[in-house]
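# Observations on chain architecture
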Amino acid sequence: MPRKSNHINQSEEVFGYGQKLDQSFYLRKNVVTIARELLGKMLITVFDGVITAGRIVETEAYEGVIDKASHAYGGRRTNRTEVMYAAGGTAYVFLCYGMHQMFNVVTNVKDTPHAILIRAVEPVTGIETMLQRTGKPKADFTLTRGPGNVAKALGISVKHTGENLLGNVIWIADDGTVYSDEQVVATARIGVDYAGEHALWPYRFIVKGNKYVSGKKK
DNA sequence: TCTATGATCCCCT
DNA sequence: GGGGATCATAGAT
């Protein structure tokens with residue numbers, strides 16, 4: 001099977017997605033606010049000149065030391081979670097269930113381990129590449145639905161943990177798209193029952209009716 | 001449309 | 001040694 005070259009003019013393409021979020025966006029204190037604001041933003045990756053991008057439609061905030069659902073609950077600091085303590089604007093990627101890569105955005109200042117899990121995007125650019133990476137036969141709503149699929153389609157893996165989101169490998173951009181409060185719903189987070197009552201915190205944000213949003217049924 | 005299940009492996013206790 | 005910030009599929013309803 002012939003492999004597409006896909007080598008594009010990076011600077012031109014990059015420019016087309018709007019303004020790259022700068023570090024001040026990520027350094028803010030309220031991780032829940034940032035999670036809400038990430039809806040509608042573009043998540044872009046460029047690996048070996050191959051670009052893929054999607055619009056974020058589902059996020060989850062993890063509030064660090066006070067949040068039982070967070071890997072950094074109680075100030076836990078391990079090899080895996082060390083990256084969470086970096087300054088905002090860093091990628092935290094971990095392996096889940098032995099096979100799925102979860103891509104998170106670290107927020108807040110250094111040593112405050114907040115993070116936002118990107119749970120779903122709407123594919124925008126590089127759909128052919130996403131199909132190759134995921135091995136899916138066609139582009140349907142499952143292509144980038146759920147955090148495991150997002151990372152797979154965008155080519156993100158645990159080796160990218162610690163990557164700076166202000167560079168030209170993985171970054172998030174604002175192209176002016178804004179979802180109104182009527183289009184957005186806050187819900188409890190998924191798959192964190194072990195966190196007790198903290199699992200009920202309305203820290204998950206979804207774009208209402210978007211078919212790429214994970215969870216039950218469309 | 002739902003529930004159950006297997007895949008698969010790193011991390012932490 | 002146990003379980004997890006998941007996903008796809010199979011089979012029942």
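Basis of the calculations
- Residues numbered from 1 in each chain as written.
- Chains lettered and ligands numbered in written order.
- Predicted model: local features only at pLDDT ≥ 70, side-chain atom pairs only at ≥ 80, totals over all residues.
- Heavy atoms only, no water.
- Buried < 20%, exposed > 50% of the residue type's maximum accessible area, 1.4 Å probe, protein only.
- Helix = DSSP H or I, 4+ residues; strand = E, 2+ residues; numbered from the N terminus.
- Contact = heavy atoms within 4.5 Å.
- Near = heavy atom within 4 Å.
- Polar contact = N/O pair within 3.5 Å; in protein donor to acceptor, adjacent residues only side chain to side chain.
- Nonpolar A, V, L, I, M, F, W, Y, C, P; charged D, E, K, R; others polar.
- pLDDT = per-residue confidence, 0-100.

This paragraph deals with helix α4 (residues 127–134). For α4, every residue scored as buried is listed here: Thr129, Met130, Leu131 and Thr134. Taken together, the buried residues of α4 touch β3 (50–62), β6 (114–125) and α5 (147–154). Directly beyond the C-terminal end of α4, a positive phi value near 75° is found at Gly135.

The full set close to DNA strand C counts 22 residues, and Tyr97, His100, Asn104, Lys136 and Tyr194 are the nearest of them. Counted by atom, the contact set of DNA strand C within 4 Å of the protein is 53% sugar and phosphate. One nitrogen or oxygen atom from the side chain of His71 is found 2.9 Å from a phosphate oxygen belonging to DNA strand C. A distance of 2.6 Å is found between a phosphate oxygen of DNA strand C and a side-chain nitrogen or oxygen belonging to Lys136. Contributions of two or more residues to the surface near DNA strand C are made by β5 (100–107), β6 and α5. Class assignment of the residues belonging to the surface near DNA strand C gives a composition of eleven nonpolar, eight polar and three charged.

The next point concerns the confidence of the model for chain A. A residue-level look at chain A finds 92% of positions with pLDDT of 70 or above and a mean pLDDT of 91. Between residues 1–13, whose pLDDT stays under 50, and residues either more than four places distant or in other chains, the model counts 13 contacts.

This part takes up the environment of Thr161. Structurally, Thr161 can be placed in the loop between α5 and β7 (170–174). Classification of Thr161 by relative accessible area gives partly exposed; the value is 29%. For the pair Thr161 and Val178, spaced 17 residues apart in sequence, the C-alpha separation works out to 28 Å. In contact with Thr161, other than residues within four places in its own chain, are Val83, Ala91, Tyr92 and Val93.

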